[in-house]
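Single-letter residue listing:
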Amino acid sequence: MSKKINEATSTDLPIILKLINEYGWKIEDTLLYQQTYDISDDIKSDYPNLKNIRPDIVLQDMNGDIVAVIENNLDKENKDLLKLRTIVTHLLKPRFLYACSAERILFYDNNWKGLDAGEFKQVTSFMTLEEMKLKIEQQKKIATNKEITIDTTIAGGFDPTVGKERYYQLQCIRTVIENYKEGKQKMLVHMATGLGKTRTAVALVKALLSSGLAKRILFVVDRRMLAKQSVDDGFSLISREYTSSWITTSNFRTRKQASIHVVVIDTLELIHSDLPSNFYDLIIVDECHRSINVNRKLIFDHFLCPRVGLTATPRIATPKEGADVDEEDLAIIDTYKLFGCETGEPDFQFDMDRGISEGFLAPYKPIELLSSLVIEAEENGITFDHVLEPNEKYTIDLGAEKKLKLEQLNRKFISEENCLRIAEELKKNTQWGEKIILFGVSQAHCIELAKAVNKVFENDNSDKPYYAEAVISENNELNETLKAWFKKPYQKPYVVTSVDILSTGVDIPCVRYIAFAALTKTVGKYIQMVGRGTRLDPKTGKFSFTVLDFVGLCKRMEDNGKGTSKENNKIVKPGGQKPVLNATATQPKGEYFLIDNPDPANLIQRVEIHGDTITVKDNIPIEEAKRIFEEELKKTQEPIMTELKEKAEDIEYQPTEEEIEKFVDWLSKPNIFLDEGHLQKMYDYREGSAWDFLLHALGKKKIPTPKQRIEKNYDSYIHTYAFTDDQIVILRKIKDVFASNVASKRNIEVNDIFGNPILERLIGSYKDIDEKFEGKFNLVFDDLRKTFGNGKHIS
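Worth saying up front: this structure is predicted, and the values here are computed from it rather than measured.

Observations regarding the pattern of salt bridges
Counted by the stated rule, this structure contains 39 salt bridges. Here E358 makes a salt bridge to R354, at a shortest N to O gap of 3.1 Å. On the basis of relative accessible area, E358 is assigned to the partly exposed category, the value being 25%. We classify R354 as partly exposed; its relative accessible area is 32%. With its nearest N and O atoms 3.3 Å apart, the salt bridge here joins E448 to K451. Residue E448 and its partner K451 are located together in helix α15 (residues 443–456), separated by 3 residues, close to a single helical turn.

Structure below.
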């Protein structure tokens, strides 16, 4: 017999009401309160001292089959959790277990297997009966072991480009599906650039959805252009059967029902805590060697589902010799460990060497072309005591002699002469109109390289696009337009210069030359850059490509003509666990000089695009761009904008894709000449959507401050990891002072809190707090700093 709802204790009542009002459970129907269950004969010998058990809350389906049990008391945590895992599970056989306290909801799925099956995990919500039934049905389908159909028109079938079947894609999909069915929670796919990772992922997603093994899948990328590419060129292949949607901060509530969500990692960082922990059945992380860092790991730990990492360059992490680096911190940036391959072997592997050997990728030949300046910089360093102003070219006396080694050249001090030598060698070693990606050191260096190439190839610079263009930022419209033109074999630009943007996720088969005018110490980045040329392109007669090396990088990387045998190994210093994720983070601050360009990162370049021409209108300061946008938005009387402004009165309104497109089109018109990428840069909010900026400019819903963004992720952090209730209360107390310091980009130490008498009175003494963290408070505090401290997640 179960107790009545009006007999519920003050502790149990809030949980019961939450289950009824928010999740649709029904008292005395699907929700039973303190129901008594006698110990069955078959397990009496295991529990001789028990006659019955009375769980706090039992959830059952319409047939009376128990699906979940909730223990709403964690006074004796270890004992309570053990009771759920043993006698409750043996007697009642629920699939799901919950344990609640004032601060936490812990969850366990009795179907978990392997290394992740051993402990309860924190969640932020419960499940509805429908969600539980769906999980149970999915498991029944797995248990039937019915063969799953893979669509070979998407992946694994005959490819006329290579003249044979891409058999390895089928092998990869079958491997992942088998691991998924066996309950493996972390998987890693190592597949070289050009072998079709995206199409393989699309066919995998279709197989899981069509077989009923998954209902909703998340595909994570680290750049906006990759999100667009994934939806338009990838999941569009199955869009008639399964809807896919690019999720942003302004549309995720209205797109929840799509089968496939594509999201940029920055956006997921903002919205993950608003999504239930059980929301997805599978997460696929594209370019996973780059997507995850310390604070982003907690995003994926929030979701209780398997995750698959896709990469062409998995990375090993090794502590610096003599350094004491926590093993868990190493695992965060070690691709193998992060995706469950502690032995160093991916779940599936097909690397560049094998791809070239089996004829799926284009072979290449490296050619070293070192100028006398580069040789001098390599051997002795370049000395100089004056520089030239980049625009007027007047001389600036430095007052002292400087020396630059090759690693420093072309960052702040750029050799215009060397840029011209590189351009001349490009002309000697290529045919006019052949497509070339030229990697430079910095944004300014790329601009100078493009100028030099245009000069040497005698481009008259009368109409854009020029022979060479610099693609150096995520300026959406201009960047996407230049890339779209570059992909066309017989259209300008023929040369693009880039720091990092074109090193990954760019599919341009007609590229015949990869050129290096910059060094890198990272094996993974080197393989990614070379990989831009490995795609075969029979349409243009491209069956091989050439690497032109202007800095001796190929020799440093021990290039063997099929990549490199060097390990992609990151040496980690204590506290150095957070990788640099974007190229602009490496830019030196201040002016550049010719040995030298104003810093393009501090300006908004406004352009007008008409058909096949681009006109650069101007380069204006960020504050001026803000003023233009906000004034034009407020005064416009255009019907579509008037309608959108009226709808914006309801801050919960989520616009349609068509409305967003019309707004973005309005942005590009004369007097404004902006796009969504400009707005993200102007407001220092790269996660934001165009609608976020419209609401902000109209004063309807302000963009969250850096402090607010940190606080939200801070709450997610303390509820993702295994802190006790007492520890969570302490961490909450220090949240404000911590977030304020980090948002202001100030360093914060333990002594900043416990050396302050007022704060110490509010929070407690260091000694008492350290005891509650079992002597490990310094480690927790250090982890907080590494997770939020450098502000990358708010930039």
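Examining the nonpolar core
Core analysis: the largest hydrophobic core is formed by 83 residues, its most contacted members being L208 and F516. A per-element tally of this core places helix α5 (residues 197–210) first, with 8 residues. Residues in contact with F516, not counting those within four places in the same chain, are L438, F439, Y526, M529, V530, V547, L548, D549, F550, V551, L553 and C554.

Things to note about the packing of aromatic side chains
Under the criterion given, the structure shown has 33 aromatic pairs. An angle of 65 degrees between the planes, with centres 6.0 Å apart, marks the rings of Y653 and W691 as edge-to-face. A residue pair is termed long-range when its members are at least 10 positions apart, and Y653 in the loop between α20 (639–647) and α21 (657–667) and W691 in helix α23 (residues 690–697) qualify at 38 residues. Looking at W691, the relative accessible area reads 2%, which means it is buried. One aromatic cluster in this structure is built from Y23, F96, Y98, F107, Y108, W112, F120 and F126. Sitting above the plane of the F360 ring, K164 keeps its charged end 4.5 Å from the centroid. Taking the ring centre of Y466 as reference, the NZ or CZ of K464 above it sits at 4.6 Å.

Quick word on unusual backbone geometry
The linkage connecting K464 with the following residue, P465, adopts the cis geometry, with an omega of 0 degrees. Structurally, the position occupied by P465 is in the loop between α15 and β24 (468–470). Of note, the bond from K492 into P493 is cis; its omega dihedral lies within 30 degrees of zero at 0 degrees. Looking at the element boundaries, P493 is found in the loop between α16 (476–487) and β25 (495–498). If you check the backbone angles, E558 has positive phi at about 55 degrees while not being a glycine. Here E558 lies in the loop between α18 (553–556) and β28 (569–572). Take E558: its relative accessible area is 48%, and that puts it in the partly exposed class.

Observations concerning the side chain of R166
Note on placement: R166 falls in the loop between β10 (164–165) and α4 (167–181). R166 sits in the buried class, given a relative accessible area of 9%. A polar side-chain atom of R166 sits 2.6 Å from a polar atom in the side chain of Y168. In this view, R166 contacts G156, G157, D159, G194, L195 and F360; residues no more than four positions away in its chain are not counted.

The rules behind the values
Note that residues are indexed from 1 along each chain, following the sequence as it is written. Restriction of local features to residues with pLDDT of at least 70 applies here, the model being predicted, together with a cutoff of 80 or more for giving and counting side-chain atom pairs; totals for whole chains, interfaces and linings are based on all residues. The basis for the side-chain values is all heavy atoms of the structure; hydrogens and waters are excluded. Salt bridge criterion: a side-chain nitrogen from Lys or Arg within 4 Å of a carboxyl oxygen from Asp or Glu. Residue burial is assigned from relative accessible area. The probe radius is 1.4 Å, only protein chains are included, and a residue is buried under 20% of its type maximum, exposed over 50%, and partly exposed in between. What counts as a helix is a DSSP run of H or I of at least four residues, what counts as a strand is a run of E of at least two, and both are numbered from the N terminus. Take the buried residues of types Ala, Val, Leu, Ile, Met, Phe, Trp, Tyr and Cys, join any two whose side-chain atoms come within 4.5 Å, and each joined set is a nonpolar core. The contact rule is simple, with two residues in contact once any of their heavy atoms fall within 4.5 Å. By convention, a stacked pair of Phe, Tyr or Trp rings (six-membered ring in the case of Trp) has centres within 6.5 Å and planes under 30 degrees apart, an edge-to-face pair has planes over 60 apart, and any other such pair is tilted. By definition, being over a ring means that NZ of Lys or CZ of Arg is both within 6 Å of the ring centre and within 35 degrees of the ring normal. Polar contact is defined as a pair of N or O atoms within 3.5 Å, subject to the rule that within protein one atom must be able to donate a hydrogen and the other to accept it, and that residues adjacent in sequence are counted only when both atoms are side-chain atoms.

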